[in-house]
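Inside the fold
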Amino acid sequence: IQQRIHSTVKNDFTWLRSSRRGWHMDAVMPGMKNEEAMEVDVYLDMSGSIGEEQARDFISEVKGMMEQFKDYRIRIACFDTQVYNFQEYTGDSGDDIAEYELKGGGGTDFDCMFQFMKDQDIQPNLMICFTDGYPCGSWGDANYCDTLWVIHGQKNPQPPFGTWALYEKNK
């Protein structure tokens, strides 16, 4: 998860801090402005196959993402066959993710996440889906956005697109 998030953090050039690389040639070159702002969209599978412990693990991972960056914007929602409780958390808001209300309990329809993002005109840099990896149908729209599947409880997941990681609890 960390590797994928860090790859979305943007860097740019700035003239406010020149680079030392050109000094030996008497050239002034722009330096790098490192942005520490993380922006991700997180969807939590809250279908009937997700237990309370898995849900707590999902929220714990999101909290860990927030603690790694000073500046962040995380849009989060739960889903089963529809999307619930869409909220945005930022480093400035002071909101506690531990108080986020989890909703769901039906089947697992990944298409509803992608349709929700399209309907709300959301084009994320990275969408992270925490799931047990058992869809009732399609895995969603492979061409819509960069997707990371974090799969809890299944040993051999086969998402047809995006990248995936097995969630393994640290003991």
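First, a word on what this report is: a plain description of the structure on this page. Just so it is clear, the model here is predicted, and its values are computed rather than measured.

Here we take up the pattern of salt bridges. Following the criterion strictly, the structure yields five salt bridges and no others. Note that glutamate 39 and arginine 73 form a salt bridge whose closest N and O atoms lie 3.4 Å from each other. Note that glutamate 39 is positioned in strand E3 (residues 37–45) and arginine 73 in strand E4 (residues 71–79), a separation of 34 residues in sequence. Judged by relative accessible area, which is 35%, glutamate 39 ranks as partly exposed.

On to the nonpolar core, then. Judged by nonpolar contacts, the single largest core of 26 residues is most densely connected at Val42, Leu44, Met65, Ile74, Ile76, Ile128 and Phe130. Counting only elements with at least two residues in this core, the list comes to E3, helix H2 (52–68), E4, strand E6 (127–131) and strand E7 (147–152). Per-element accounting of this core gives the leading share, six residues, to H2. Tyr43, Cys112, Phe116 and Phe161 belong to the second-largest nonpolar core, a separate cluster that totals 19 residues.

Moving on to the packing of aromatic side chains. By the definition in use, this model includes nine aromatic pairs. On the basis of an interplanar angle of 40° and a centroid distance of 5.4 Å, the ring pair of phenylalanine 58 and phenylalanine 130 is categorised as tilted. With a gap of 72 residues between them, phenylalanine 58 in helix H2 and phenylalanine 130 in strand E6 connect regions that are remote in the sequence. Both residues of the pair, phenylalanine 58 and phenylalanine 130, belong to the buried class. Among the aromatic side chains, those forming a connected cluster through ring pairs are Phe79, Phe110, Phe114, Trp139, Trp149 and Phe161.

Phi is positive for asparagine 85, close to 50°, though the residue is something other than glycine. Tracing the backbone through its elements, the reader meets asparagine 85 in strand E5 (residues 83–90). For asparagine 85, a relative accessible area of 18% corresponds to the buried category. Its identity as a non-glycine residue notwithstanding, aspartate 121 has a phi of 55°, on the positive side. Turning to its location among the elements, aspartate 121 is positioned in the loop between helix H3 (111–119) and E6. Using a relative accessible area of 70% as the deciding quantity, one classes aspartate 121 as exposed.

How each quantity is defined
Residues numbered from 1 in each chain as written. Predicted model: local features only at pLDDT ≥ 70, side-chain atom pairs only at ≥ 80, totals over all residues. Heavy atoms only, no water. Salt bridge = Lys/Arg side-chain N within 4 Å of Asp/Glu carboxyl O. Helix = DSSP H or I, 4+ residues; strand = E, 2+ residues; numbered from the N terminus. Buried < 20%, exposed > 50% of the residue type's maximum accessible area, 1.4 Å probe, protein only. Core = buried A, V, L, I, M, F, W, Y, C linked by side-chain atoms within 4.5 Å. Phe/Tyr/Trp six-rings, centres within 6.5 Å; stacked < 30°, edge-to-face > 60°.

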